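Results of the structural survey
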Amino acid sequence: MNPVSEHQLRELLVHYGRSLFVRGYSSGGSGNLSAKLPDGGYLVTPTNSCLGELDPATLSRLDANGVHLSGDKPSKEVPMHLAWYRHRPSCGAVVHLHSPWLTALSCLPCATPENCLPPLTPYYVMRVGQLPLLPYFKPGHEGIASALSEIAADHSAALLANHGPVVSGRSLREAVFNAEELEDSARIWLTLKPLGYVPLSEEAVAELEHSRQA
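Throughout, a residue's number is its position along its own chain's written sequence, starting from 1. The predicted nature of this model means local features are confined to residues of pLDDT at least 70 and side-chain atom pairs, given and counted, to a pLDDT of 80 or more, with totals for whole chains, interfaces and linings taken over all residues. As a rule here, side-chain values cover all heavy atoms of the structure and leave hydrogens and water aside.

- Labelled according to an unreviewed UniProt entry, the protein chain appears under the name 3-oxo-tetronate 4-phosphate decarboxylase, originating from Citrobacter meridianamericanus.
- UniProt positions are given in the numbering used here, feature names are shortened, and annotations may be inferred rather than shown by experiment. Its UniProt record gives the protein chain a comment under Function (unreviewed entry), which states: "Catalyzes the decarboxylation of 3-oxo-tetronate 4-phosphate to dihydroxyacetone phosphate (DHAP) and CO(2)."
- In its Cofactor (unreviewed entry) section, UniProt records this for the protein chain: "Zn(2+)".

Here it is as structure tokens:
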């Protein structure tokens, strides 16, 4: 597969940003997206930008070290994004949202912070596997990047306590799909929780994890 050009990535960021916004995965100026460029640099959504109103020409362009080169001022969450790229070599894009079901989940107590969503569907296991809950830090705090650095090598997503999800993927499309699957999984889990539920068996989870890693 040929690498995606910078022009194509700019258009894709606008496309997926608008798609996420109109479906209620972000509101106002919340959430941010990034994608890795063929030269090792990054495109990031600007600070306080609305995902539904992105302009491909004003997206923040960073070099491989995260230094701002052009475009509008980047999101204050850049260190969080860089933590994924630096500690997860396969990472090609990062999606951070304040999607309602996952944000609600992030505000609940969790007895198993290493994985705060049970394996209810095969799609959650195949796309994400596990969703660790990280401690609360003020948005933009360096502690978020530090906490993510510790888990990024073994996880493709995390839930920031009282904040929302941050999800990676090998491509922007994959990162968005992973974020969508997580939001659906949180909705299913919170809907079923008062009623009772039947999770996938350990054997089924192991089989699905094997196919995901293959």
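With respect to helix 2 (residues 78-87)
- Within helix 2, seven of the 10 residues are buried, leaving the element largely enclosed by the surrounding structure.
- When helix 2 is considered as a whole, its buried residues turn out to be Val78, Met80, His81, Leu82, Ala83, Trp84 and Tyr85. Relative accessible area decides the class of each residue, using a 1.4 Å probe on protein chains only: under 20% of the type maximum gives buried, over 50% gives exposed, and in between gives partly exposed. Here a strand is any run of E in DSSP of at least two residues, a helix any run of H or I of at least four, and the numbering for each starts at the N terminus.

Quick notes on the environment of Gly66
- Counting through the fold element by element, Gly66 comes out in the loop between strand 3 (60-62) and strand 4 (68-70).
- As for Gly66 and Gly40, which are separated by 26 residues in sequence, their C-alpha atoms are 9.9 Å apart.
- Whether two residues touch is decided by their heavy atoms; if any such pair falls within 4.5 Å, the residues are in contact. Among residues more than four places away in sequence, those in contact with Gly66 are Leu82 and Arg86.

Topic: the packing of helix 2 against helix 5 (residues 142-151)
- Here an axis means a line fitted to C-alpha atoms, over the contact stretch when the element is a helix, while the angle between two N-to-C directions is reported on a 0 to 180 degree scale. Packing of helix 2 against helix 5 brings their axes to within 8 Å, and their N-to-C directions diverge by 20 degrees. Viewed along their axes, helix 2 and helix 5 adopt a mutual orientation that is roughly parallel. As for how helix 2 packs across helix 5, the hand of that crossing is right-handed. The segment helix 2 lies against helix 5, with Pro79, Met80, Ala83, Trp84 and His87 engaging Ile144, Ala145, Leu148, Ser149 and Ile151.
- Charged residues are taken to be Asp, Glu, Lys and Arg, nonpolar residues to be Ala, Val, Leu, Ile, Met, Phe, Trp, Tyr, Cys and Pro, and polar residues to be all remaining types, Gly included. Of the residues contributing to the contact of helix 2 with helix 5, the split by class is eight nonpolar, two polar and no charged. Oblique is the label for any angle not covered by the other classes, which are roughly parallel (under 35 degrees), roughly antiparallel (over 145) and roughly perpendicular (65 to 115). Crossing handedness is read from the near helix: turned anticlockwise from the far helix by less than a right angle, it gives a left-handed crossing, and turned clockwise, a right-handed one.

Notes on the sheet that holds strand 2 (residues 42-44)
- Criterion used throughout: strands pair if DSSP finds at least two bridges between them. With respect to topology, eight strands assemble into an open sheet ordered 4-3-2-1-5-8-7-6, the strand pairing being mixed. Across the chains shown, the open sheet's two edge strands, defined by having one partner strand only, are strand 4 and strand 6 (133-134).
- Where strand 7 (residues 157-160) meets strand 8 (residues 164-169), four bridges bridge the pair, whose relative direction is antiparallel. Bridging from a neighbouring strand, Ala157 pairs with Val167 of strand 8.
- Against the sheet, helix 2 engages strand 1 (32-36), strand 2, strand 3, strand 5 (93-96), strand 7 and strand 8, with an angle of about 40 degrees to strand 1.
- Sitting on the sheet, helix 6 (residues 172-192) is in contact with strand 1, strand 5, strand 7 and strand 8, with an inclination near 145 degrees to strand 8.

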